[in-house]
Amino acid sequence: MQINLISDTVTKPTAGMLKAMMSAEVGDDVFKSDPTVNKLQEKIAKMFGMEDALFFPSGTMANQTAIKLHTHHGDKMYIDKWAHVYNFEGGGAASNSGVTSHLIDGTRGMFTANQLKESISGGRSDIHVPYSRLVAIENTTNKGGGACWSFDEILGIKKICVENNLAFHLDGARLFNAIVAKNETPEQYGKVFDTISICLSKGLGAPVGSLLLGKKVHIEKALRIRKIFGGAMRQVGYLAAAGIYALDNHVERLAIDHTRAKIIGSALQNCALIKNVEPIETNIVIFNVIDSINELDFINTLNKAGILLISMGNGKLRMVTHLDFTEEMLEILVNTIEHL
């Protein structure tokens, strides 16, 4: 048995999801005539209490579209130093939008409202510096080990955005993990952010797809940007059907992934070969092996036992629980860790 914990993107569609996909009613989405895509977009916009939404082939494209629609070439956005839009999207902000990234030294991928205020007030306001246009945060934080932002902190950041005429974007690739973990609601987020990206192919288990939510004026502009980026698709309702199924069936069960991640964390903490395990809030487990062990040797040892994981760099190793990670697999993994 292979136990793949590299990411929550490795899942396969469930039988119910495949049935929904194969029975989807489709049309040409470039002409806005795919009824299943339209249904998905309307469904998630209503869920978050936002005006409109647009389907994308990837979360990266959705995020990069949001950055482009909120900025002009030469502008500046404020993000955490560990932000996905900066570290893992191929330099897209600079390449696609000509945007300068002001990196804030946060904790586990999260900065405070005070840090943002200091970053803004510490800059000059003359021709020598870029215009400040955008603040973007990521919830949950990938590189921060699935950490969840304090909603009060988010409200504090929003206040600063309003005071400084800055747009506010949320990279919500794993936002539903945060919502479930903290007993929050999508509507809370819809009231705060100008745009939100939602990934369907991570914890929610869909094979492909993300959505960008915002005001109608934002989504109209995003439609053109998506075309420029090559993201316009035709009979994409087959994929949108998977997204609808995921939203209907795979949100509440995220709590199971969170519980299993904490169990893995406990097993690792009790293992003599592990130096430390970072706090676990959702479905991501990040840990370090002791200094006398090579991390690649540790990965190879688990690989030989049929367990796949990934290095995050700088000595950090990562396991991610997901829809296809079963209770039986959890027992095998914990037993393997106990006997390392």
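Note that the structure is a prediction, hence the values are computed from the model and not measured.

Undergrad: When you look at the packing of helix α12 (residues 254-269) against helix α14 (residues 327-338) in this model, what are you seeing that I'm missing?
TA: Helix packing for two helices is described by the angle between their axes and how far apart those axes are. Put simply, α12 and α14 touch, their axes get as near as 9 Å, and they point 10° apart. Classified by the angle their axes make, α12 and α14 are roughly parallel. Across from R260, I263, I264, A267 and L268 in α12, the residues of α14 making contact are E327, L330, L333, V334 and I337. Looking at side-chain class alone, the contact of α12 with α14 contains 8 nonpolar, no polar and 2 charged residues.

Undergrad: Looking at this structure, how should I read the pattern of salt bridges?
TA: For side chains of opposite charge, pairing can occur when their charged atoms come near one another. Following the criterion strictly, the structure yields 13 salt bridges and no others. A salt bridge links K43 to D248, with the nearest nitrogen and oxygen atoms 2.7 Å apart. Of the two residues, K43 is situated in helix α2 (residues 35-48) and D248 in helix α11 (residues 237-249); the sequence distance between them amounts to 205 residues. The class of K43 is partly exposed, set by a relative accessible area of 25%. With a relative accessible area of 48%, D248 lands in the partly exposed category.

Undergrad: Would you explain helix α10 (residues 216-228) in this entry?
TA: Side chains three or four residues apart in an α-helix point the same way, a direct result of the helix having 3.6 residues per turn. Here α10 contains 13 residues, and its C-alpha end-to-end distance of 19 Å stays within 8% of the 18 Å for a straight helix at 1.5 Å per residue. By the burial criterion, the buried members of α10 are H218, I219, A222, I225 and R226. Along the axis of α10, the buried residues cluster in a sector spanning 115°; they form a single face. Residues V217, E220, R224, K227 and I228 are exposed on α10 and point more than 90 degrees away from its buried face. Its buried side turned inward, α10 meets β2 (52-56), α3 (59-70), β7 (195-199) and β8 (210-214).

Conventions adopted
- Starting afresh in each chain, residues are numbered from 1 along the sequence in its written order.
- Only residues with pLDDT of at least 70 get local features here, since the model is predicted, and only at 80 or more are side-chain atom pairs given and counted; chain-wide, interface and lining totals rely on the full set of residues.
- The side-chain values count all of the structure's non-hydrogen atoms but skip hydrogen atoms and water molecules.
- To obtain each axis, a line is fitted to C-alpha atoms, and for helices this fit is confined to the stretch in contact; angles are then taken between N-to-C directions over 0 to 180 degrees.
- Only runs of H or I of at least four residues qualify as helices and only runs of E of at least two qualify as strands under DSSP, and these elements are numbered from the N terminus.
- An angle below 35 degrees is read as roughly parallel, one above 145 as roughly antiparallel, one from 65 to 115 as roughly perpendicular, and any other as oblique.
- Residues count as neighbours in contact if any of their non-hydrogen atoms are within 4.5 Å of one another.
- Residues are grouped as follows: nonpolar covers Ala, Val, Leu, Ile, Met, Phe, Trp, Tyr, Cys and Pro; charged covers Asp, Glu, Lys and Arg; every other residue, Gly included, is treated as polar.
- One side-chain nitrogen of Lys or Arg within 4 Å of one carboxyl oxygen of Asp or Glu is enough to make a salt bridge.
- For every residue, the accessible area obtained with a 1.4 Å probe (protein chains only) is divided by the maximum for its type, and the residue is called buried under 20%, exposed over 50%, and partly exposed between those limits.
- Here a helix's expected span is defined as the number of its residues, less one, multiplied by 1.5 Å.
- Of all possible arcs, the one meant is that of the directions from the helix axis to the C-beta atoms.

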